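Structural description and commentary
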Amino acid sequence: MTVEIGLVLLVIAAALYLFASQRLPLDVSALLIMVTLMVIPLAGDPLVDAVPWLRDRDIDLAGAFPTVTEGLSGLSSPATVTVLAMFILSAGVQRSGLMHALGRRLVPFVGSSELRLFFVLMPVVGVVSGFVNNTAAVAVTIPFVLDMSRQLGLRASRLLMPLSFFGMLGGMLTLVGTSTNILASTLVTGDDALGRSIGMFEFAPVGALVLLTGLVYFALVGRFLLPSTDLGGEDEAEEEFVVELGFPAGSGWLGASLAESGRASDAGVTVTRLIRDGASHREDAERLRLTEDDVVKVRGTTRQVADLIKDEDVVVLTDTHRNTRASGNGVLVRALVRNRLLFTGRRARTIGFWVRYRARLVGIEAQQTVSARLSEERLNVGEILLLEVAEEDMAALRRHPDLVLLSEFEDEFDARRMWLAGGIVLAVVGAAALTPLPIVVTALLGVIAMAVTECVTKDDLYSGVPWEVIFLLAGVIPLGVAMTKSGGAEWLGGLLAGAAVDWHPLVVLMALYAFTTVLTEVVSNNASVVILVPVAVSLSAELGIGVLPLVLTVMFAASTSFLSPVGYQTNAMVYGTGLYRFTDFAKVGGPLNLVLMAVTSTAIWAIWA
């Protein structure tokens, strides 16, 4: 081992320590590493020239470490730019509400079965994660899982960890499923490696097998290892409001009972009463066939009420005395009643919400209301109401002494552009797969399309990007340059090749998989790829094994490491809910990692041997 290689390995060891200890933020550590790699040759070469002992050993720091241009190459790397663009595309999909809409459509297939929810939700998340960045797919699904768990009385801890795992597994279906894949493809494009980028769907068969293996594992083993209690305790249920629904002519709700159509269940709301011709029906509210004159009282969260307001088949009644409807153009506000002179058992219709506050009464927070109609409900100090207020009237309402505004519901979804945003992402993936355009170009074109069609706002272009990931990529890419220029990758590959010279190539792949898995738990998956892809290329030359199977082994192992909550972003996200112990991940993920080591390595060898 040369002095140059030793110095590069020392920098890598320092990087591993910083990433593992997190004494500094990951992005700061990455920038520190990038600067260090550029400074060493600039400051070190004059020192080598000044010290005869160093000069006599022909130490060439400039030849072993990145130049300033190479050190900054991570900022302009196609991998970094592609990941940046994919995060913006994912933000556009999230803002459109497409994931939320897909989640709502799962409800009819789930019922109240945890197992059914698992086998409906996890494959969907897995497939979506192959085309939308898997971190974003998991991020937008976590609230849905928590909400479904509360509604169905299930343990969220039995669903969130599998959600993270299937996001990781699904990310291996395509090149754009995870930043690791894009980064690895960039690293092997040089003539001394693979000489080309990895195709969009080139490893999809192995990815599909890995996803299927995860399903079988959880069906037979994993679900019995999951925690049976939520350590953080039951989350307090989100506040629910009683609201009234009417139905316009031609509504899909009409002509069938709610039990037959399942419309209320699809919307996630609970039916409490049906009012027909002045008569109130409770026990048979869901068994009566709906007519245009019926009013149905339901209980639901603010999110569910907002969805109903947008539904053209439903009229969410506000001033129920005159049967007027919510406009859908205002802000939904939770307001606490505090005027004792006004709210002392007076009926809601006599308050005059529109005249007094320029607000419409949408719902009352209660499990059940006393009066048949909300307009007849008696209101008292301390009750919480759900109001719809025009944006321009919000300032006046905040200052009004009768009410205390507790929160405003900002509907982050733009349903008008739901399918447009999804279509843009599909076009990005399809163009990269079916045309000569590289993924970095199609992704940037997708960002432009998102911006022009207003699927993303100016703020989304910046707030939708986890910049620590971008700077992490920019900082660790020069490590790969240093490993190659110094000969460190070739040296380390030679050591491994010497140990594995008599091993079967399949055993080599398994050993590389295991080493990558462990390294990923210490550093990020992206850092593991940067460190080990050059080693894989060197191993290929030493052992006569193809570059592609070795690189794919590193890719799959780095992106499917389940041993701890710090090995991957999605694991950290679900661990942050407070429902798990640190060791729960190893308990559930350890056996899965062993199974995948055998399955993935065997599949890669069988296809690319």
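Up top you'll find the structure we're talking about.
In this report, we go over the structure that sits alongside the text. In this text, all values refer to a predicted model and were calculated from it rather than measured experimentally.

Digging into the packing of aromatic side chains
Enumeration according to the criterion identifies 12 aromatic pairs in this entry. Ring geometry for Tyr217 and Phe218: centres 5.4 Å apart, planes at 80°, overall edge-to-face. Looking at Phe218, the relative accessible area reads 1%, which means it is buried. Look at Phe353 and Tyr357: their rings are 5.8 Å apart centre to centre, the planes differ by 50°, and that puts the pair in the tilted class. In this pair, Phe353 and Tyr357 both sit in helix α18 (residues 353-357), 4 residues apart, roughly one turn of the helix. The pair formed by Phe353 and Tyr357 is uniform in burial state, with each residue classed as buried. Cation over ring: Arg360 sits above Trp354, and NZ or CZ is 4.6 Å from the ring centre.

Observations concerning the environment of Phe582
Following the sequence through the fold, Phe582 ends up in the loop between α28 (569-575) and α29 (584-608). Separated by 17 residues in the primary sequence, Phe582 and Pro565 have C-alpha atoms spaced 6.7 Å apart.

A few points about helix α13 (residues 204-225)
The largest bend along α13 reaches roughly 60° and is located at Phe218. Those residues of α13 not exposed but buried are Ala204, Val206, Gly207, Val210, Leu211, Thr213, Gly214, Leu215, Tyr217, Phe218 and Gly222. If you follow the buried residues of α13, they end up packed against α9 (114-129), α11 (157-170), α27 (547-559) and α29.

Digging into the packing of α9 against α11
Packed helices, taken two at a time, are described by the angle their axes make and the gap between the axes. For the pair α9 and α11, the least separation of the axes is 8 Å and the interaxial angle reads 30°. When the axis of α9 is compared with that of α11, the two are roughly parallel. Note that α9 runs across α11; the crossing there is right-handed. Residues Glu114, Leu117, Phe118, Met122, Val125, Gly126 and Ser129 of α9 form the contact with α11, whose participating residues are Arg158, Leu159, Pro162, Leu163, Phe166, Gly167 and Gly170. Looking at the contact of α9 with α11, its residues break down into 8 nonpolar, 4 polar and 2 charged.

Things to note about the pairing of strand β2 (residues 270-276)
Counted residue by residue, β2 has 5 buried out of 7 residues, so it is predominantly covered. Across 5 bridges, the pairing between β2 and strand β4 (residues 295-301) is antiparallel. Bridge pairing in β4 places Val271 opposite Val298. Bridge count between β2 and strand β3 (residues 279-281): 3 bridges; the pairing is antiparallel. When the sheet's bridge partners are listed, Arg276 is paired in β3 with Ala279. If you look at the hairpin formed by β2 and β3, you'll find 2 residues sitting between the two strands, and Asp277 has a positive phi there, around 50°.

As for the pattern of salt bridges
With the rule as written, the count across this model stands at 10 salt bridges. Across the pair Glu202 and Arg196 runs a salt bridge, and its minimum N-O distance is 2.7 Å. Classification of Glu202 as partly exposed rests on a relative accessible area of 24%. The exposure class assigned to Arg196 is partly exposed, which follows from its relative accessible area of 36%. In this structure, Glu376 and Arg347 form a salt bridge, with 3.7 Å as the shortest nitrogen-oxygen distance. Of the two residues, Glu376 is situated in the loop between β8 (359-365) and β9 (378-380) and Arg347 in strand β7 (residues 344-347); the sequence distance between them amounts to 29 residues. The exposure class of Arg347 is partly exposed, given its relative accessible area of 25%.

Some remarks on the side chain of Ser601
Tracing the backbone shows Ser601 in helix α29. Residue classification places Ser601 among the buried positions, given a relative accessible area of 0%. There is a polar contact of 2.7 Å between the side chain of Ser601 and the backbone oxygen of Met597. Among all residues touching Ser601, those that are not within four sequence positions of it are Leu506, Leu509, Met510, Tyr513 and Leu596.

Criteria and thresholds
Residues numbered from 1 in each chain as written. Predicted model: local features only at pLDDT ≥ 70, side-chain atom pairs only at ≥ 80, totals over all residues. Heavy atoms only, no water. Phe/Tyr/Trp six-rings, centres within 6.5 Å; stacked < 30°, edge-to-face > 60°. Buried < 20%, exposed > 50% of the residue type's maximum accessible area, 1.4 Å probe, protein only. Helix = DSSP H or I, 4+ residues; strand = E, 2+ residues; numbered from the N terminus. Lys NZ or Arg CZ within 6 Å of the ring centre and 35° of its normal. Bend = angle between axes of the 7 residues up to and from the residue. Contact = heavy atoms within 4.5 Å. Axes fitted to C-alpha atoms, helices over the stretch in contact; angles between N-to-C directions. Parallel < 35°, antiparallel > 145°, perpendicular 65-115°, else oblique. Left-handed = near helix turned anticlockwise from the far one by under 90°. Nonpolar A, V, L, I, M, F, W, Y, C, P; charged D, E, K, R; others polar. Pairing = 2+ DSSP bridges. Salt bridge = Lys/Arg side-chain N within 4 Å of Asp/Glu carboxyl O. Polar contact = N/O pair within 3.5 Å; in protein donor to acceptor, adjacent residues only side chain to side chain.

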